[in-house]
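Here is what each chain is made of, one letter per residue.
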Amino acid sequence: MEGLQGEVKVPLGGDRVYKDQCVYSFDTPESDDGLYVCLYSFLGFGKDYVLSYCTRTGRKLFLHIKRNKKVQQLQQAVTEVKKPTKLALGVDGGFDGGQVKEEYEETYSLVILPEHTVITLPNAHLPDRLQQSIDGVIAAENVSKKEALLAWEGEKLPISKHASSLQQLDNGVKIPPSGWKCSRCDLTNNLWVNLTDGAILCGRRYFDGSGGNNHAVDHFQQTHYPLCVKLGTITPDGADVYSYDEDTMVEDPNLAEHLAHFGINVALLTKTDQTMTELEIDMNMKIGEWSVIQESGKELELVFGPGYTGMRNLGNSCYLNSVMQVLFTIPEFCNRYYSNADTVFQSVITNPAEDFEVQMCKLAVGLLSGQYSKAATADQTDNKEIKNAKEQPGIAPYMFKGVVGRGHPEFGSSRQQDAQEFYLHLVTVIERHQRASKGAGNHVDCLKFQLEERVQCSKSGQVKYSTQETCLLTLPVPMTAATNKVEVDAWNIKKHQLEEKKERVKADDIVRAKIPFTACLSSLTSPVVIDDFFSTAINDKCSATKTTHFATFPDYLMIQLNKFTIGSDWVPQKLDVLVDVPQQLSLDDLKGKGSLPGEIELPEGGATQVATVNIDESVVSQLTGMGFPLEGCRRAAYYTDGKGVEAAMEWALQHSTDSGVYMVVMITTVIYSQCRFCCSVYCC
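All figures in this text were calculated on a predicted structure; none of them were measured in a lab.

Criteria and cut-off values
- Residues numbered from 1 in each chain as written.
- Predicted model: local features only at pLDDT ≥ 70, side-chain atom pairs only at ≥ 80, totals over all residues.
- Heavy atoms only, no water.
- Helix = DSSP H or I, 4+ residues; strand = E, 2+ residues; numbered from the N terminus.
- Buried < 20%, exposed > 50% of the residue type's maximum accessible area, 1.4 Å probe, protein only.
- Contact = heavy atoms within 4.5 Å.
- Areas by Shrake-Rupley, 256 points an atom, 1.4 Å probe, with all protein chains shown as cover.
- Pairing = 2+ DSSP bridges.
- Axes fitted to C-alpha atoms, helices over the stretch in contact; angles between N-to-C directions.
- Parallel < 35°, antiparallel > 145°, perpendicular 65-115°, else oblique.
- Nonpolar A, V, L, I, M, F, W, Y, C, P; charged D, E, K, R; others polar.
- Left-handed = near helix turned anticlockwise from the far one by under 90°.
- Phe/Tyr/Trp six-rings, centres within 6.5 Å; stacked < 30°, edge-to-face > 60°.
- Lys NZ or Arg CZ within 6 Å of the ring centre and 35° of its normal.
- Disulfide = S-S within 2.5 Å.
- Salt bridge = Lys/Arg side-chain N within 4 Å of Asp/Glu carboxyl O.
- 1 Å grid on protein atoms, 1.4 Å probe; cavity = no way out; pocket = protein on both sides within 12 Å on 5 of 7 lines; lining within 4 Å.
- Points joined across faces, edges and corners; volume = space filled by probe spheres on them.
- pLDDT = per-residue confidence, 0-100.

Draft legend 1. The overall build of the chain, seen in detail. A count of helices and strands for the chain gives 22 helices and 24 strands. The burial tally for the chain puts 45% of its 684 residues in the buried class. Restricting the contact set of the chain to residue pairs at least 6 apart, pairs at least 24 apart contribute 69%. By element, 50% of the accessible surface of the chain is carried by carbon and sulfur atoms, the whole surface being about 35800 Å².

See the structure below:
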């Protein structure tokens, strides 16, 4: 044992200790065979990989960690289902995704390979350095807890700009501790007190007809008094404060002082009404996306085996999970990362936890092997409590999320992201590693295709053809193509009547527009008018007509349906529709034919201009806040050139299906030559 002390290291503060998951698989200390942590590299290994690592590196000393669930917790897990109290996922008081918190007890042992000699711990006869190494690994915080964000909560509320200089009127208003009523109607709930004049008024009407009558916001529009507090939420710890001027929930550090002005002693008040967070949680639980995801009220049949493995939410990682589950149904990706996994694992020794190829293969094996998707055994099926608790927990791709998001300002964070943007980012990362490894072939090619754009000058009739390669087709959802338009119109009238009567809109009564997928596809080839087109045929600006077709087809067509449209009030709306996708579909009519006989192409060349790219980041920020993709927002801000957020929003919606709209704006100066005057405003 003394001779092996040189093979161990004592982990320091900056060392990465992988003691919660194998670097090559999703084995954990809770797995049947536990986890082995190398006392030199601090890498974790499942039983299937630890001996191979020992053989390749000569490392012999491993700390074996086995974590067992406490029996009493198993019984409590079946019976205790707590209602969420935070608009959060994976944290105390937040949504738990159907999972329950469980307590474990850990056992440790020292394992010497390849003999597999096991020394039970604690052991007073171990050399000092070896004992220090073991103690350091046990005490160290796991890398997944340091770098992977396991939970999300709503953003921290900003401090209101009015908090330190709020004007409060000396009008003699004193507010009693109870018995409140809106000063403009008879409502006695959802009441807000204005912190400038002490007026008590009802809040906004919610989309389902519940809530208030908008009297508090009406009061602000008349007086411009900015801050109000929701009565019933005031406690010594704070309250719900809303700033109409800033149009958001805010923090007021001087809240106790502001309330005391109207005779309210926060120390004596207790909570009697729902906070805005609790109201939002109720909406999510009753009629929101959470219920849809959970498929409330339905008895779901559990499925197990290869290809039926779930992925845990690591805190706003739904976008990542959905994209990876889809990609690993494609044979080219399965062959590259699943069938080739052992070869990749054998080739990477030094730092497999941070190697993109290793983590892609690890994820492929985790999803496709069926190793982490097994039904309860025969003796467990007789015990209903154990059976319910044994639903597959899914795999947690901490290491993959860290590797694929490394260096990216969005995907390296815990914020909500767009699956379409992540898909494009992932394709870029895959191709970058493919080029670096100089591997033969490119499995991403199965996703690529070319779009043919044809632009015809309205004055000369001459045309310009161009092609652009992409791996994603973005399509609008044409609401005018709804097959149940009569029913939708009738529902909208009924909904308006319910809102007028302040009656709740029941989720089961909602009528959604049914849009044929073929109508979305047809919009691809619909002519688009381009204003201010510079025609090299007449050497002047005029209008032009652009049409788009497929120049080539991919093996697998990835499609994004644009979820936004502009309402009659010019406010962007998120669509809530049903799109009917057929099992079989012909794209022959969407194939381009290239230059036709008799067509005259626009001349090449043209004057050269130099322009500086000016992008208003405030416009970009507002558009991304509405849910538009970042690069599309940057292009919208650029091409509307300081005309404001409304013009940029209109541009983004009009051009959301254009093939180049999500190209990255990276340049500071653009040379406008042929590209300025040719078929597309996006080639610059």
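Draft legend 2. Representation of unusual backbone geometry. Following leucine 113, the chain continues into proline 114 via a peptide bond in cis, with omega recorded as 10 degrees. Mapped onto the elements, proline 114 comes out in the loop between β5 (104–112) and β6 (117–120). With an omega dihedral of 0 degrees, the bond running from leucine 121 to proline 122 counts as a cis peptide bond. By secondary structure assignment, the location of proline 122 is in the loop between β6 and α3 (128–139).

Draft legend 3. Main features of the sheet that holds β6. If you walk across this open sheet you meet the five strands as β2-β1-β3-β5-β6, and the pairing is antiparallel. Two strands bound the open sheet, and with one partner strand each, they are β2 (44–45) and β6. With nine bridges joining them, strand β3 (residues 61–69) and β5 adopt antiparallel strand pairing. Bridge pairing in β5 places leucine 63 opposite leucine 110. Its contacts with the sheet place α3 against β1 (35–38), β3 and β5, and it is angled at close to 40 degrees to β3.

Draft legend 4. Expanded view of the packing of helix α10 (residues 331–339) against helix α12 (residues 356–368). Relative orientation of the contacting elements α10 and α12 amounts to 105 degrees, with a least axis distance of 8 Å. With respect to α12, the element α10 is oriented roughly perpendicular. Between α10, through Cys334, Arg336, Tyr337 and Tyr338, and α12, the contact on the second element is made entirely by Phe356, Glu357, Met360, Cys361, Ala364, Val365 and Leu368. Taken together, the residues of the contact of α10 with α12 sort by class into nine nonpolar, no polar and two charged.

Draft legend 5. How the structure looks around the sheet that holds strand β18 (residues 540–550). Taken together, four strands build an open sheet; the order of strands is β14-β13-β18-β17 and the sheet is antiparallel. Sheet topology places β14 (463–470) and β17 (528–535) at the edges, where each strand pairs with a single neighbour. Direction aside, neighbouring strands of the sheet carry axes that sit 35 degrees apart on average. As paired elements, strand β13 (residues 449–457) and β18 share seven bridges and run antiparallel to each other. The residue bridging cysteine 457 from the neighbouring strand is alanine 544, located in β18.

Draft legend 6. Up close: the packing of helix α9 (residues 318–327) against helix α16 (residues 419–437). Put simply, α9 and α16 touch, their axes get as near as 9 Å, and they point 55 degrees apart. The orientation of α9 with respect to α16, classified from their angle, is oblique. As α9 packs across α16, the resulting crossing turns out to be right-handed. Packed against α9, whose contacting residues are Tyr319, Leu320, Ser322, Val323, Met324 and Leu327, the element α16 presents Ala419, Phe422, Tyr423 and Leu426 at the interface.

Draft legend 7. Quick peek at the packing of aromatic side chains. Following the criterion strictly, the structure yields 15 aromatic pairs and no others. Between tyrosine 24 and tyrosine 49, the aromatic rings sit 5.5 Å apart at their centres with planes inclined by 40 degrees, giving tilted as the arrangement. Residue tyrosine 24 is found in the segment before β1, and its partner tyrosine 49 is found in helix α1 (residues 47–57); the two are separated by 25 residues along the sequence. What makes tyrosine 24 buried here is its relative accessible area of 1%. Among the aromatic residues, those joined into a ring-pair cluster are Tyr24, Phe45, Tyr49, Tyr53, Phe62 and Phe345. For the cation-ring pair, lysine 9 lies above tyrosine 40, with the distance from its terminal atom to the ring centre recorded as 5.1 Å.

Draft legend 8. Layout of the state of the cysteines. Counted under the stated rule, the structure contains zero disulfides. The closest cysteine sulfur to the non-disulfide-bonded cysteine 54 is located on cysteine 38, 9.1 Å from its own sulfur.

Draft legend 9. A look at the pattern of salt bridges. This model, assessed by the stated rule, comprises 15 salt bridges. The partner of arginine 336 in a salt bridge is glutamate 357, with the nearest N and O atoms 2.4 Å apart. Here the residue arginine 336 occupies a position in helix α10, and glutamate 357 occupies one in helix α12, the gap between them amounting to 21 residues. Here arginine 336 matches glutamate 357 in class, with each residue buried. Counted as one network, the salt bridges with shared partners bring together Asp20, Glu30, Arg67 and Glu106.

Draft legend 10. Geometry of the side chain of asparagine 194. Along the chain, asparagine 194 falls in strand β8 (residues 191–194). Take asparagine 194: its relative accessible area is 5%, and that puts it in the buried class.

Draft legend 11. Molecular detail of empty space enclosed by the protein. Tallied over the full model, the rule gives two cavities of 30 Å³ or more. Here the second largest cavity defines a volume of roughly 40 Å³. Lining the second largest cavity are Trp192, Val193, Asn194, Ala199, Leu201, Ala216, Cys228 and Tyr244. Ranked by residues supplied to the lining of the second largest cavity, first place goes to β8 with three residues. Each residue belonging to the lining of the second largest cavity can be placed in one class, and the counts come to seven nonpolar, one polar and no charged.

Draft legend 12. Spatial organisation of the environment of valine 505. Topologically, valine 505 is positioned in the loop between α17 (485–500) and β16 (513–516). Relative accessible area serves as the criterion here: at 6%, valine 505 is assigned to the buried category. Distance from valine 505 to lysine 494, taken between C-alpha atoms, is 9.5 Å for residues 11 residues apart in sequence.

Draft legend 13. Quick look at the confidence of the model for the chain. Mean pLDDT over the chain stands at 80; residues scoring 70 or higher make up 76%. The low-confidence segment residues 382–389, where pLDDT is below 50, has seven contacts with residues more than four positions distant or belonging to other chains. Note on residues 659–684: pLDDT under 50 across the span, and 87 contacts to partners over four residues away in sequence or across chains.

Draft legend 14. Representation of the pairing of β5. Direction of pairing for β5 relative to β6: antiparallel, over a ladder of four bridges. For leucine 110, the partnering residue across the bridge sits in β6 and is isoleucine 119. As consecutive antiparallel partners, β5 and β6 are separated by four residues, and within that stretch histidine 116 has a phi angle of approximately 60 degrees, a positive value.

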